[in-house]
Amino acid sequence: MFKKIFRAVFLSTAVMLVCSVVLSAIFLGIDYDHNEVNALASQADLAASGVNNGGRKYLTQLKGENYRITWINSKGKVLYDNEENPAKMGNHSKRKEVAEAMKTGEGQSERYSTTLSTVTMYYAKKLKDGGVIRVAVTRNSIWQTILQLVTPMLIILLLAVVASWFVAKKISQSIVKPLNQLDLDQPLESKSYEEIKPLLTRLDSQNKQIADQMEQLHHREKEFKTVTDAMQEGLILIDLDNKVLLSNPAVVSLLGSKSSEVLPNDVKKIIDQDKRNVHTEGIVEREGRNIEISASPIFSRGVLKGTSILVIDVTEEYREEQVRREFTANVSHELKTPLQSIMGSAELLENNLVKEEDRKSFYQKIHESSAQLLTLIDDIIRLSHLDENPEFEEVRMNLKSPVTEAIEALQASADKHDVELKAALADTEIKANFRLVYEIAYNLIDNAIRYNNPGGQVKIAVKEVRGQAVLRVSDTGIGIPIEAQTRIFERFYRVDKSHSRKTGGTGLGLSIVKHAVQQCHGTIRLESELGKGSTFTVVFPALKHEDQ
Ligand code: ADP
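Small disclaimer: the values here were computed from a predicted structure and weren't measured.

A. Quick look at the overall build of the chain. Scanning the chain from terminus to terminus reveals 13 helices and 17 strands. Whereas a compact globule of 548 residues would reach a radius of gyration of roughly 24 Å, the chain reaches 65 Å, over 25% beyond that. In the chain, which comprises 548 residues, the proportion classed as buried is 38%. When contacts within the chain are restricted to residue pairs at least 6 apart in sequence, long-range pairs at least 24 apart make up 55% of them. Summed over all atoms, the accessible surface of the chain reaches about 33600 Å², with 55% contributed by carbon and sulfur.

Next comes the structure, spelled out in structure tokens:
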């Protein structure tokens, strides 16, 4: 801008200066010409009146004249000339100025020399006797005069151009200075030209708009960061060159410390470079955990821009899936055993292959296996019901009640196994589902009887410890080996399968207990010593203030 203004100012002043110098030179020349003619005319007037009154005498007495004076008679013959011999001069009647003067009383003409470097101006005046007096002067031609002026003119021009260069620079600087000093962030506060006020107002409103948009953007970015930071799932955005553009903190914990900058190789493999425009999925392993990688293409106006990758820890789902598969296999197996026994006995009976005295034991076997089948199916139904995580209705109750009911239901079994049940039940309030608590107590006492020794004991205690309700079932039974203590809560896990079956166990009792305890928001603990006995302790959560 400075350059443009400078160029415009400089060129216009320079052109103006050049034009004015040239034009004044021309006008000077024209004026000089005009003055010259006037001077010549008055000289001619003077000479004419001199000759009219004094004749030749007047002309001869003239000395040191700057003009050439020629006296011509009415026939055109030169009678006197102050510069040449009149005898040698030809007839002048045809000369333009002379002919004109003879005709009109006055005549004027100019004649250039061949080189054009001089011009002679003539002025003729008619005399009373019909003759003509002519005054002439020779001087440099106007072009010659102008040529002589060129050098000083050039010097003047050069000085003028230099001066206009400085002036142009100063003017441009003074024009540009307020513009350079504009504060574009606060345009309305800067002092500047009135003409650019609308522009500055527009700039100010645009500044405000941009600031608003930036604020919104910042706000959204903050929101997005808060959400992605809080996500348990990892989120990675990559461009088409697999450069990580965004990665939330969960990515590092799920995939390892470098994943926030570089995409790990096993993840890259899942995002097939040739199929970046479709959804792909896969599993990678980290420290024994299964991490699912789910990659979706990101399009912007139909053009593929990158990929968003969701990183999810699916270890639990994997395990659950595995447990479910094992459970199904186990269920089939467990159902098959009693069924095969029923079918085998029934077949033998049907084909009369059993002796009369043995028949009773076969009927008994069928009865026992059917009962076992029923218990198994009951347990499976109960467990699947618990698996569905239904909302169990919770009521305030005395923990003593379901435990007492369970003891009563198992008294016959205890007698059968020659096991003594000893209960110490204190009034203890809990808020839970009655059926679930009953099942916990029933299964724990049932196991304590079944895995006991004849003449053994089962102690059942209900009490409050530090505001929490505690149910403790301890037996003097066979105990559980240390390596089996964590596994006994798994479905169908049994330390001794035949012992379990013989006593009517399904291998699902403790799984039901574990689930029921979870549903009651409680905890279960086991202490056991092989050959000495086991103690199961269930702690129920303390009653909340609003429940009391
Ligand atoms: P089961 O129907 O076989 O009793 P559970 O799930 O109730 O199945 O128990 C799993 C296994 O844990 C049992 O097979 C048994 O080996 C062991 N167990 C459970 N309770 C006791 C206990 N009180 N004493 C010794 N072993 C026990």
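B. Examining the sheet that holds strand E6 (residues 234–239) more closely. The strand order across the open sheet formed by five strands is E7-E6-E10-E9-E8, and the pairing between neighbours is antiparallel. Each edge of the open sheet is held by one strand with a lone partner, namely strand E7 (244–247) and strand E8 (280–286). The average angle at which neighbouring strand axes cross in this sheet is 25°, direction not considered. Strand direction decides the pairing type here: E8 and strand E9 (residues 289–300), joined by seven bridges, are antiparallel.

C. Seen up close, the site of the ligand. Residues in contact with the ligand amount to 21 residues; listed here are only the nearest, Arg450, Tyr451, Ser500, Thr506 and Gly507. Contact distances for the ligand include 2.8 Å between an oxygen atom and a side-chain N or O atom of Tyr451. The contact in question runs from an oxygen atom of the ligand to an N or O atom on the backbone of Gly507, over 2.8 Å. Listed by contribution, the elements that provide at least two residues to the shell around the ligand are helix H11 (434–450), helix H13 (509–519) and strand E17 (533–540). For the shell around the ligand, the element with the highest residue contribution is H11, accounting for three residues. When grouped by side-chain class, the residues that make up the shell around the ligand number 10 nonpolar, eight polar and three charged.

D. The sheet that holds strand E15 (residues 468–475), seen in detail. Reading across the sheet, the five strands line up as E12-E14-E15-E17-E16 and stay open at both edges, with mixed pairing between neighbours. Since the sheet does not close on itself, it has two edges, and those belong to strand E12 (420–425) and strand E16 (523–529), each with one partner. Put simply, the sheet's adjacent strands are angled 10° from each other on average, direction ignored. The pairing of E15 with E17 spans six bridges and is antiparallel. Along E17, the bridge assignment pairs Ala469 with Phe540. Packed onto the sheet, helix H10 (residues 400–416) meets E12, strand E14 (457–465) and E15 and runs at close to 170° relative to E12. Running at roughly 20° to E15, H11 makes contact with E12, E14, E15, E16 and E17 of the sheet.

E. Layout of the packing of aromatic side chains. All told, the structure shown has six aromatic pairs when counted by the stated rule. An angle of 35° between the planes, with centres 5.8 Å apart, marks the rings of Tyr438 and Tyr442 as tilted. Taken together, the positions of Tyr438 and Tyr442, both in helix H11 and four residues apart, correspond to about one turn of that helix. By relative accessible area, which is 14% here, Tyr438 ends up buried. Taken together through their ring pairs, the aromatic side chains of Phe6, Phe10, Trp165 and Phe166 make up a single cluster. Arg491 extends its terminal NZ or CZ atom over the ring of Phe327, reaching a point 5.1 Å from the ring centre.

F. Highlighting the domain arrangement of the chain. In terms of domains, the chain is made up of domain 1 (2–150), domain 2 (232–313), domain 3 (330–386) and domain 4 (395–541). Taking only C-alpha atoms, the centre of domain 1 and the centre of domain 3 are 156 Å apart.

G. Molecular detail of the side chain of His515. With respect to the helices and strands, the residue His515 is situated in helix H13. You can call His515 buried: its relative accessible area is 16%. Excluding residues that lie within four positions of it along the chain, His515 makes contacts with Leu386, Asp387 and Arg491.

What counts and what doesn't
Residues numbered from 1 in each chain as written. Predicted model: local features only at pLDDT ≥ 70, side-chain atom pairs only at ≥ 80, totals over all residues. Heavy atoms only, no water. Helix = DSSP H or I, 4+ residues; strand = E, 2+ residues; numbered from the N terminus. Rg over C-alpha atoms; globule rule 2.2 N^0.38 Å. Buried < 20%, exposed > 50% of the residue type's maximum accessible area, 1.4 Å probe, protein only. Contact = heavy atoms within 4.5 Å. Areas by Shrake-Rupley, 256 points an atom, 1.4 Å probe, with all protein chains shown as cover. Pairing = 2+ DSSP bridges. Axes fitted to C-alpha atoms, helices over the stretch in contact; angles between N-to-C directions. Near = heavy atom within 4 Å. Polar contact = N/O pair within 3.5 Å; in protein donor to acceptor, adjacent residues only side chain to side chain. Nonpolar A, V, L, I, M, F, W, Y, C, P; charged D, E, K, R; others polar. Phe/Tyr/Trp six-rings, centres within 6.5 Å; stacked < 30°, edge-to-face > 60°. Lys NZ or Arg CZ within 6 Å of the ring centre and 35° of its normal. Domains from an automatic or database assignment.

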